[in-house]
Amino acid sequence: GIDHLTGTASFLDEETVEVLGKTFRGKHFVLATGQRPTILPIEGKEFLQTSTDFLALAELPKQLIFIGGGYVSFELATIARAAGSEVTIVHHNQRPLKEFDEELVQETIVQMKKAGIQFAFDVNAQKITRQNEKLQLIAGKEIFEADAIFCATGRQPNVESLHLERANVDFTKKGIIVNECLQTTNPQIFACGDVIEKQLPKLTPVATFEGQYVAQKVTQQQQKIINYPVIPTIVYGSPKIATVGTTKIEEDRQVETVTQEMTSWFTYHRVNEPLAKVKLCFNKENFLIGASVLSEQADELIDFLTIAINQRLTKEIVDQWIFGYPTLASDLPYLLK
């Protein structure tokens, strides 16, 4: 029973939006317009493409450059290299994937180099030019050549066309400002997903979680503030790298960090994985509070560890269970305290 209209919406006032010349009034509005890729403001930016362009390619170019050291570059570079392209990731400093454990990131880079992906760090892109059929990325005295160059240096919220000022909704360059109930500065208007300003990861399941909360809030089925569980984050490179919970420890916290080298464990040895490692953070009560995983199965293991954190599971608890073996779940007793 939901009506659907495709078009660009703009607020006329706090209770009215216009779409395709038609006006719609409502008691509540939910803003979920997401983000889009940013383009570097450099000379020749018209030659830059985005992740959206990459996924729409009819044919994969032979030589590719990805500018940026985040999720998008690592994931799309892995896809392109597996399909046979020559790939280079260019990043402005020495610390890609800055939200992930630095040691595991460096080991990821080593494995990706072995697969043939090239990295160029401390490179600031200054200009893009076309030379015959090739594109050149110019960074000082360095010149990188490719058939296509993709910009993956961040994303920006889709707010421009909404005319939020007419609805008394405040926003910044990072997104729409919301409170702990996901209400904007106009309490009758809610926002959720990637368009809001927040420190939490901007991920599909997080947007879904927020959308469910807003639906309950608007229909008065929910009175409490939003309460997020710990949120796992995954980079689908090769190998995959994943993290969840508290992994960056302040000096004044009583936390123990344990590193487990799992490559020789049967779970990984039976599928001939070249590298599998996990870092686990425990509080003073020996409950797991955070984890970082590096392996081709990191996306699966991080979910088990997320459950362990949310449910405060211990080794004593999971020792009472019997799992299929050798599997990721059967390794849990060896990872918990």
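Residues numbered from 1 in each chain as written. Predicted model: local features only at pLDDT ≥ 70, side-chain atom pairs only at ≥ 80, totals over all residues. Heavy atoms only, no water.

A. Focus on the layout of surface pockets. Taken as a whole, the second largest pocket spans an internal volume of roughly 510 Å³. For the second largest pocket, the lining is made up of 14 residues, of which Asp3, His4, Leu5, Val19 and Phe24 are closest to its centre. Elements with a contribution of two residues or more to the lining of the second largest pocket: strand 2 (16–19) and strand 3 (22–25). Residues that form the lining of the second largest pocket fall into these classes: seven nonpolar, five polar and two charged. (1 Å grid on protein atoms, 1.4 Å probe; cavity = no way out; pocket = protein on both sides within 12 Å on 5 of 7 lines; lining within 4 Å. Points joined across faces, edges and corners; volume = space filled by probe spheres on them. Helix = DSSP H or I, 4+ residues; strand = E, 2+ residues; numbered from the N terminus. Nonpolar A, V, L, I, M, F, W, Y, C, P; charged D, E, K, R; others polar.)

B. Structural view of the pattern of salt bridges. Tallied over the full model, the rule gives 12 salt bridges. Residue glutamate 102 is joined to arginine 95 by a salt bridge in which the shortest nitrogen-to-oxygen separation is 3.9 Å. Take glutamate 102: its relative accessible area is 45%, and that puts it in the partly exposed class. On the basis of relative accessible area, arginine 95 is assigned to the partly exposed category, the value being 22%. (Salt bridge = Lys/Arg side-chain N within 4 Å of Asp/Glu carboxyl O. Buried < 20%, exposed > 50% of the residue type's maximum accessible area, 1.4 Å probe, protein only.)

C. Highlighting the packing of aromatic side chains. A complete count under the given rule lists 11 aromatic pairs for this structure. Considering the side-chain rings of phenylalanine 209 and tyrosine 228, the 5.8 Å spacing of their centres and the 35 degrees angle between planes classify their relative orientation as tilted. Here phenylalanine 209, found in helix 4 (residues 204–218), pairs with tyrosine 228, found in the loop between helix 4 and strand 18 (233–235); they are 19 residues apart in sequence, far enough to count as distant. On the basis of relative accessibility, which here comes to 30%, the residue phenylalanine 209 falls in the partly exposed class. One aromatic cluster is present, formed by Phe54, Phe66 and Phe150 through successive ring pairs. When the ring centre of phenylalanine 287 is taken as origin, the NZ or CZ atom of arginine 312, which lies over that ring, is 3.8 Å away. The lysine or arginine in question, lysine 337, covers the ring of phenylalanine 282, its NZ or CZ lying 5.2 Å from the ring centre. (Phe/Tyr/Trp six-rings, centres within 6.5 Å; stacked < 30°, edge-to-face > 60°. Lys NZ or Arg CZ within 6 Å of the ring centre and 35° of its normal.)

D. Summary view of the pairing of strand 10 (residues 127–131). Bridge count for strand 10 against strand 11 (residues 134–139) is five bridges, and the pairing is antiparallel. Within strand 11, the position partnered with isoleucine 128 by the bridge is leucine 137. The hairpin turn running from strand 10 into strand 11, its antiparallel successor, is two residues long, and asparagine 132 in that turn takes a positive phi close to 60 degrees. (Pairing = 2+ DSSP bridges.)

E. Summary view of the sheet that holds strand 10. Within the open sheet, the three strands sit side by side as 10-11-12. Their pairing is antiparallel. With one partner strand each, in any of the chains shown, strand 10 and strand 12 (142–146) form the two edges of the open sheet. Each strand of the sheet is rotated relative to its neighbour by a mean of 25 degrees, with strand direction disregarded. (Axes fitted to C-alpha atoms, helices over the stretch in contact; angles between N-to-C directions.)

F. Region of the structure containing the environment of tyrosine 325. Turning to its location among the elements, tyrosine 325 is positioned in the loop between helix 7 (315–318) and helix 8 (332–335). A relative accessible area of 56% places tyrosine 325 in the exposed class. With 59 residues separating them along the chain, tyrosine 325 and phenylalanine 266 place their C-alpha atoms 8.9 Å apart. Not counting residues within four places of it along the chain, the set of residues in contact with tyrosine 325 comprises Phe266 and Ser330. (Contact = heavy atoms within 4.5 Å.)

G. Just the pairing of strand 2, in detail. As paired strands, strand 1 (residues 9–13) and strand 2 are joined by four bridges and run antiparallel to one another. In the strand pairing of strand 2, phenylalanine 11 is matched with valine 17. Relative to strand 3, strand 2 runs antiparallel, the two being bridged by four bridges. What sits directly across from valine 19, in strand 3, is lysine 22. Between the antiparallel neighbours strand 2 and strand 3 lie two residues, among them leucine 20 with a positive phi of about 55 degrees.

H. Here's a closer look at the state of the cysteines. This structure, assessed with the given rule, holds zero disulfides. Among the cysteines around cysteine 181, which has no disulfide bond, cysteine 192 carries the closest sulfur, lying 14 Å off. Residue class for cysteine 181 comes out buried when judged on its relative accessible area of 12%. (Disulfide = S-S within 2.5 Å.)

I. Highlighting the sheet that holds strand 8 (residues 86–90). The strand order 6-13-7-8-9 describes an open sheet built from five strands, whose pairing is parallel. Of all strands in the sheet, those bounded by a partner on one side alone are strand 6 (48–49) and strand 9 (118–120). The pairing of strand 8 with strand 9 spans three bridges and is parallel. Pairing of isoleucine 89 across the sheet is with phenylalanine 119, part of strand 9. On top of the sheet, helix 2 (residues 71–82) reaches strand 7 (63–67), strand 8 and strand 9; it is set at about 165 degrees to strand 8, its chief contact.

J. Spatial organisation of the environment of glycine 68. When you line up the elements, glycine 68 lands in the loop between strand 7 and helix 2. Along the backbone, glycine 68 and threonine 263 are 195 residues apart, and their C-alpha atoms lie at a distance of 30 Å. If near-sequence neighbours (up to four positions away) are discounted, glycine 68 is found in contact with Ser73, Ile89, Val90, His91, Ala152 and Thr153.

All we've got here are geometric facts, nothing functional implied.
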